[in-house]
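Single-letter residue listing:
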Amino acid sequence: YLDINGLKYQIQMSRYLNPADVEDREYLIGLPEGTEELPPNEIYFGVWVRVENTSEDETLPAATVWEIHDTQENVYRPMAIDTDINPFVFEPVEVPPKTVIPLATSAAGQGPTQGLLLLFKVEIDSLQNRPLELKFSNGGDSTEGTYALDV
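Scope of this entry: the structure provided in the associated data block. This one's a predicted model, so the numbers in the text were calculated from it and none came from an experiment. (Residues numbered from 1 in each chain as written. Predicted model: local features only at pLDDT ≥ 70, side-chain atom pairs only at ≥ 80, totals over all residues. Heavy atoms only, no water.)

**Considering the packing of aromatic side chains**
Then comes step 1: Taken as a whole and judged by the stated rule, the model has 6 aromatic pairs.
Then comes step 2: Each ring, one from Y27 and one from F88, has its centre 5.3 Å from the other, and the planes form 80 degrees; the classification is edge-to-face. Here Y27 is found in helix α1 (residues 22–27), whereas its partner F88 is found in the loop between β6 (75–76) and β7 (94–95), with 61 residues between them in sequence.
Then comes step 3: Given the relative accessible area of 4%, Y27 is considered buried.
Then comes step 4: An angle of 75 degrees between the planes, with centres 5.3 Å apart, marks the rings of W66 and F90 as edge-to-face. You can see W66 sitting in strand β5 (residues 65–69) and its partner F90 sitting in the loop between β6 and β7, a full 24 residues away along the chain. In terms of burial, W66 and F90 fall into one category: buried. (Phe/Tyr/Trp six-rings, centres within 6.5 Å; stacked < 30°, edge-to-face > 60°. Helix = DSSP H or I, 4+ residues; strand = E, 2+ residues; numbered from the N terminus. Buried < 20%, exposed > 50% of the residue type's maximum accessible area, 1.4 Å probe, protein only.)

Here it is, written out as structure tokens:
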């Protein structure tokens, strides 16, 4: 767990996604028009995150800035996915006290990762430029979390 600004973040899993795989296709629902086909030098890379607010009485904002950094100074940011039609996607929300997102009653909370998806387009060469680091923060706040990703 990483404790950042009163919230506990846990990276449940990270891996590349295969659009031809039945399970992975469900994670890609809601991509902007025309982004389904990737160039041969790019892959979809998913990071599933869980966020917990252990506060007794304070609602706290989840991280709004997420980036993957490789050792060659390449930076990747999450793709926009329509959260109205894809229940697995992370969106920065206010996390109520004593609450874990994804909610246990949600599709993401019941899914195999029990985390919400951040989807990145990553150049295949970057997978060799390890470690890949996930960096996140609450925008204007200077406190930053860093997590080494499995590839």
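After that view of the structure, there is still more to cover.
**Quick look at the environment of Y44**
Then comes step 1: Within the secondary structure layout, Y44 lies in strand β3 (residues 42–53).
Then comes step 2: As for Y44 and F120, which are separated by 76 residues in sequence, their C-alpha atoms are 5.7 Å apart.

**Examining the pairing of strand β2 (residues 7–17)**
Then comes step 1: Bridging between strand β1 (residues 2–4) and β2 involves 3 bridges; their strand directions are antiparallel. Pairing of L2 across the sheet is with Y9, part of β2.
Then comes step 2: Counted along the chain from β1 to the antiparallel partner β2, the turn is 2 residues long, and its residue N5 has a positive phi close to 50 degrees.
Then comes step 3: Note: β2 against β3, 10 bridges, orientation antiparallel. Within the sheet, the bridge partner assigned to Q10 lies in β3 and is R50. (Pairing = 2+ DSSP bridges.)

**Re the pairing of β5**
Then comes step 1: For β5, the buried fraction is high: 4 of the 5 residues fall into the buried class.
Then comes step 2: In this structure, β5 lies alongside strand β10 (residues 132–137), joined through 5 bridges in antiparallel fashion. Paired with H69 across the bridge in β10 is E133.
Then comes step 3: In terms of strand pairing, β5 meets β6 through 2 bridges, oriented antiparallel. Within the sheet, the bridge partner assigned to I68 lies in β6 and is Y76.
Then comes step 4: What sits between β5 and β6 in their antiparallel hairpin is a turn of 5 residues, with E73 showing a positive phi close to 70 degrees.

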